[in-house]
Amino acid sequence: MASARHRTADLLLVPSIEPSRGNLRTVDRGMREARCDALVVKASSEGRRTLYIAYGQWRRKENVWCHGRRL
């Protein structure tokens, strides 16, 4: 963890048009390697326009994900 003098906000921003959650495993591995949080924003490619949002918080043992959907 960075010291208070060198604290930075690290965020991996991942835009996508694929509505499935399958690629979150890839993002999860990237978060672990970079030790950063991630925000995944996915636009539906079929049917009604919907945005899917997933926010991942990096943790030493296991990343924590929160999922949402905005119609």
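Given the structure is predicted, the values throughout are model-derived calculations rather than measurements. (Residues numbered from 1 in each chain as written. Predicted model: local features only at pLDDT ≥ 70, side-chain atom pairs only at ≥ 80, totals over all residues. Heavy atoms only, no water.)

1. What about the overall build of the protein chain?
Right, so step 1: Helix and strand counts for the protein chain come out as one helix and four strands.
Right, so step 2: Sequence-ordered secondary structure for the protein chain, helices as α and strands as β, is β-α-β-β-β.
Right, so step 3: In the protein chain, which comprises 71 residues, the share counted as buried stands at 21%.
Right, so step 4: Sequence-distant contacts in the protein chain: of pairs separated by 6 or more residues, those separated by 24 or more amount to 45%. (Helix = DSSP H or I, 4+ residues; strand = E, 2+ residues; numbered from the N terminus. Buried < 20%, exposed > 50% of the residue type's maximum accessible area, 1.4 Å probe, protein only. Contact = heavy atoms within 4.5 Å.)

2. Considering the environment of Glu62
Right, so step 1: Tracing the backbone through its elements, the reader meets Glu62 in the loop between strand 3 (51–57) and strand 4 (64–70).
Right, so step 2: Placed 30 residues apart in sequence, Glu62 and Arg32 show a C-alpha to C-alpha distance of 8.5 Å.

3. Details of the nonpolar core
One broad rule of soluble globular proteins: the nonpolar side chains tend to lie buried together.
Right, so step 1: Ranked by size, the top nonpolar core spans seven residues in total: Val14, Leu24, Val27, Met31, Ala38, Val40 and Ala54.
Right, so step 2: At the level of secondary structure, the elements contributing two or more residues to this core comprise helix 1 (24–34) and strand 2 (37–43).
Right, so step 3: A per-element tally of this core places helix 1 first, with three residues.
Right, so step 4: Ignoring anything within four residues of it in the chain, the contact list for Val40 reads Val14, Leu24, Val27, Tyr52, Ile53, Ala54 and Trp65. (Core = buried A, V, L, I, M, F, W, Y, C linked by side-chain atoms within 4.5 Å.)

4. Considering the environment of Arg59
Right, so step 1: Relative to the elements of secondary structure, Arg59 occurs in the loop between strand 3 and strand 4.
Right, so step 2: In this view, Arg59 contacts Arg32 and Val64; residues no more than four positions away in its chain are not counted.

5. As for the pairing of strand 2
Right, so step 1: Burial along strand 2 is one-sided: Ala38, Val40 and Lys42 are buried, while Asp37, Leu39, Val41 and Ala43, pointing the other way, are not.
Right, so step 2: Pairing between strand 1 (residues 11–16) and strand 2: six bridges, direction parallel. From the neighbouring strand, Leu11 faces strand 2, where its bridge partner is Asp37.
Right, so step 3: By the bridge criterion, six bridges tie strand 2 to strand 3 in an arrangement that is antiparallel. Bridge pairing links Lys42 to Tyr52 in strand 3. (Pairing = 2+ DSSP bridges.)

Everything listed here is a matter of coordinates, which is why it stays silent on function.
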